[in-house]
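Inside the fold
Given next are the chains, with one letter for each unit.
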Amino acid sequence: MSRHFAIVPAAGSGSRMGAGRPKQYLELAGRPLIWHALAALAGARRIACVCVVLSPEDDWWPRFDWAPLAARLRVLRVGGATRAQTVGNALEALAADVAPEDWMLVHDAARACLTTAQVDALIDALADDAVGGLLAQPVADTLKRGDAASRVAQTVPREAMWQAQTPQMFRHGVLRRALAEAPHVTDEAGAIESLGLAPRLVAAEAPNFKVTFPQDLALAELILRARGER
Ligand code: CTP
Ligand code: MG
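Attention here is on the structure that accompanies the text. (Residues numbered from 1 in each chain as written. Chains lettered and ligands numbered in written order. Predicted model: local features only at pLDDT ≥ 70, side-chain atom pairs only at ≥ 80, totals over all residues. Heavy atoms only, no water.)

In this section: the overall build of the protein chain. Counting secondary structure elements, the protein chain contains 7 helices and 11 strands. Put simply, the protein chain has 230 residues, and 47% of those count as buried. Long-range pairs, those at least 24 residues apart, make up 69% of the contacts in the protein chain with a sequence separation of at least 6. Here the protein chain displays about 11,200 Å² of accessible surface, and carbon together with sulfur accounts for 52% of that area. For the protein chain, the distance from the average site of its 25 positive side-chain charges to the average site of its 25 negative ones is 2 Å. (Helix = DSSP H or I, 4+ residues; strand = E, 2+ residues; numbered from the N terminus. Buried < 20%, exposed > 50% of the residue type's maximum accessible area, 1.4 Å probe, protein only. Contact = heavy atoms within 4.5 Å. Areas by Shrake-Rupley, 256 points an atom, 1.4 Å probe, with all protein chains shown as cover. Lys, Arg positive; Asp, Glu negative; His and termini not counted. Charge placed at Lys NZ, Arg CZ, Asp CG, Glu CD.)

In structure tokens:
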């Protein structure tokens, strides 16, 4: 039986948030922002371990109390210069402890609204899948390609267009090879695609946006508070 592991890349600086600290440590609904993603993943019973990947220089992590989650967490201080490098380094660090067939669920620390139900739904949807896949959302709005002067250059048909989210779930061996061969991708699915494989799109049933800009914080806070604090 393949096991499941979560990998949470959290070695970014949050430059678009423009706060005085990396965004994963901003307060959100009474906890550090990253807490919510870690708690959602730790709540999934089939996930053996939640591996959080920090920058080697991170001095924020030790300032918070992780005790309620600690039994389910493993901290890897192997973050890299890009998200793909951070994930690739984590896959290398885990190589001795996992099997090539074990599933890795890679989830952005900044997607604070993930629910355990969504994690379970993704695992169920991909249980028998040969490739793996990702949570995603069909595009609802009309899409425009803009030019350098912010004028519409083209309307892009939205049919069949999806926004990629996380978790992205692939087997350790294939994902490790894919990221080593395609280090410039912006998500794991992109690396898998570069091997000629087609990841499955699993529709997200609840909000799962990435907290990126300052205005995203208030919406995430409302959603988390409405659900009740974890
Ligand atoms: N990330 C990472 N290592 C990097 C860059 C990003 O682990 N070198 C992580 C972030 O911490 C985040 C996730 O990848 O959890 C998604 O990245 P993003 O939302 O872009 O976060 P930042 O890179 O921190 O933000 P920005 O791009 O605005 O600087
Ligand atoms: Mg970034």
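Once that is clear, we can look at the site of ligand 1. Around ligand 1, the surrounding shell holds 18 residues, and the nearest of these are Pro9, Gly14, Ser15, Lys23 and Thr86. Ser13 is positioned with one of its backbone polar atoms (N or O) 3.1 Å from an oxygen atom of ligand 1. Classifying every residue of the shell around ligand 1 by side-chain character gives 6 nonpolar, 7 polar and 5 charged. (Near = heavy atom within 4 Å. Polar contact = N/O pair within 3.5 Å; in protein donor to acceptor, adjacent residues only side chain to side chain. Nonpolar A, V, L, I, M, F, W, Y, C, P; charged D, E, K, R; others polar.)

Bringing helix 5 (residues 172-181) into the picture now. Taken together, the buried positions of helix 5 are His172, Leu175, Ala178 and Leu179. The arc that holds every buried residue of helix 5, seen down its axis, measures 135°, which confines them to one face. Opposite the packed face of helix 5, turned more than 90 degrees from it, sit the exposed residues Ala180 and Glu181. Summarising the contacts, the buried residues of helix 5 are in contact with helix 3 (83-94), strand 6 (103-106), strand 10 (162-171) and helix 6 (188-193). (Arc of directions from axis to C-beta.)

With that settled, the discussion passes to the pattern of salt bridges. Here the structure, examined in full by the defined rule, presents 12 salt bridges. One salt-bridge network, held together by shared partners, links Arg83, Asp108, Arg111 and Glu188. (Salt bridge = Lys/Arg side-chain N within 4 Å of Asp/Glu carboxyl O.)

What follows covers unusual backbone geometry. Put simply, Thr166 and Pro167 share a cis peptide bond, and its omega is 5°. Assignment of secondary structure puts Pro167 in strand 10. One non-glycine residue, Ser150, adopts positive backbone phi at about 60°. With respect to the helices and strands, the residue Ser150 is situated in the loop between strand 8 (143-146) and strand 9 (152-156).

Turning to the pairing of strand 8, a few remarks are in order. Looking at chain direction, strand 8 and strand 9 are connected through 4 bridges and run antiparallel. If you follow Leu143 over to strand 9, its bridge partner there is Val156. (Pairing = 2+ DSSP bridges.)

This part covers the packing of helix 3 against helix 5. The interhelical angle for the contact between helix 3 and helix 5, taken along N-to-C directions, is 135°, at an axis separation of 10 Å. With respect to helix 5, the axis of helix 3 lies oblique. As helix 3 runs across helix 5, the sense of the crossing is left-handed. Together, Ala84, Val87, Gly88, Leu91, Glu92 and Leu94 of helix 3 and His172, Leu175, Arg176 and Leu179 of helix 5 make up the contact between the two elements. Split into classes, the residues belonging to the contact of helix 3 with helix 5 amount to 6 nonpolar, 2 polar and 2 charged. (Axes fitted to C-alpha atoms, helices over the stretch in contact; angles between N-to-C directions. Parallel < 35°, antiparallel > 145°, perpendicular 65-115°, else oblique. Left-handed = near helix turned anticlockwise from the far one by under 90°.)

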